[in-house]
Amino acid sequence: QVQLVESGGGLVQPGGSLRLSCAASGSIVGINAMGWYRQAPGKQRDLVARIASDGRVNYAESVKGRFTISRDNAKNTVYLQMNSLKHEDTAVYYCNAFIYGLGGYGRDYWGQGTQVTISS
């Protein structure tokens, strides 16, 4: 059984910062790409940032220069440092990872989501 557990969401004022964490646990053989998505009310779930197993990253245009994704492979954890937060960053943030379990099969896993609210 594999699961992703997120933490670090909350309420912050515009211009503030938050750091999200997502730890994968369970019967994990290996992890490929890890990433963060977000979904605002009434909108589709969109990619925020993604980091490959070799460290290559890509970001949504709207967060470039403000957000930084990183990962600790020893801890099976991915982070999202969010700076200069704006009202439009308000959303539920979901962690995603492509994980290989026992038997060598891989699939996408999702965290339960963590609310990020930017408000003065």
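This structure is a prediction, so every number in the text was calculated from the model and none was measured. (Residues numbered from 1 in each chain as written. Predicted model: local features only at pLDDT ≥ 70, side-chain atom pairs only at ≥ 80, totals over all residues. Heavy atoms only, no water.)

1. Concerning the pairing of strand E1 (residues 2–7)
Now for step 1: Burial of the side chains of E1 is restricted to one face: Val2, Leu4 and Glu6 are buried, whereas none of Gln3, Val5 and Ser7 on the reverse face is.
Now for step 2: Of the strand pairs in this sheet, E1 and strand E3 (residues 18–26) are connected by six bridges, and their pairing is antiparallel. Each bridged residue has a counterpart across the sheet, and for serine 7 the counterpart in E3 is serine 21. (Buried < 20%, exposed > 50% of the residue type's maximum accessible area, 1.4 Å probe, protein only. Helix = DSSP H or I, 4+ residues; strand = E, 2+ residues; numbered from the N terminus. Pairing = 2+ DSSP bridges.)

2. Things to note about the layout of surface pockets
Now for step 1: Of the voids in this model, the largest pocket is the one considered here, and its volume is about 190 Å³.
Now for step 2: What lines the largest pocket is a set of 13 residues, and nearest its centre among them are Arg38, Ala40, Lys43, Asp46 and Glu88.
Now for step 3: Where the lining of the largest pocket is concerned, the elements lending two or more residues are strand E4 (28–39) and strand E5 (46–51).
Now for step 4: Counting residues per element, the lining of the largest pocket draws most heavily on E5, at three residues. (1 Å grid on protein atoms, 1.4 Å probe; cavity = no way out; pocket = protein on both sides within 12 Å on 5 of 7 lines; lining within 4 Å. Points joined across faces, edges and corners; volume = space filled by probe spheres on them.)

3. Overview of the state of the cysteines
Working definition: the covalent bond between the sulfur atoms of two cysteines is a disulfide.
Now for step 1: According to the stated counting rule, one finds one disulfide in the structure shown.
Now for step 2: A sulfur-sulfur separation of 2.1 Å characterises the disulfide bridge that pairs cysteine 22 with cysteine 95. On the S-S bond that ties cysteine 22 to cysteine 95, the torsion sits near -80°, and the link is left-handed. Of this pair, cysteine 22 sits in strand E3 while cysteine 95 sits in strand E9 (residues 91–101), and the two are 73 residues apart along the sequence.
Now for step 3: The exposure class assigned to cysteine 22 is buried, which follows from its relative accessible area of 0%.
Now for step 4: Exposure remark for cysteine 95: the relative accessible area of 0% places this residue in the buried category. (Disulfide = S-S within 2.5 Å.)

4. Focus: the side chain of arginine 38
Now for step 1: Structurally, arginine 38 can be placed in strand E4.
Now for step 2: Given the relative accessible area of 15%, arginine 38 is considered buried.
Now for step 3: Of note is the side chain of arginine 38, whose polar atom sits 2.9 Å from the side chain of aspartate 89.
Now for step 4: Excluding its chain neighbours within four sequence positions, the residues that come into contact with arginine 38 are Gln44, Arg45, Asp46, Val48, Ser62, Val63, Phe67, Glu88, Asp89, Ala91, Val92 and Tyr93. (Polar contact = N/O pair within 3.5 Å; in protein donor to acceptor, adjacent residues only side chain to side chain. Contact = heavy atoms within 4.5 Å.)

5. What to know about the sheet that holds E3
Now for step 1: The four strands are arranged E1-E3-E8-E7 in an open sheet whose pairing can be described as antiparallel. The open sheet has two free edges, formed respectively by E1 and strand E7 (67–72), since each of these has just one partner strand. Averaged over all pairs of adjacent strands, the angle between their axes in this sheet comes to 15°, without regard to strand direction.
Now for step 2: Summarising the sheet, E3 and strand E8 (residues 77–82) pair through six bridges and their orientation is antiparallel. Residue pairing in the sheet places leucine 18 in a bridge with methionine 82 of E8. (Axes fitted to C-alpha atoms, helices over the stretch in contact; angles between N-to-C directions.)

Purely spatial values, then, with no claim about function.
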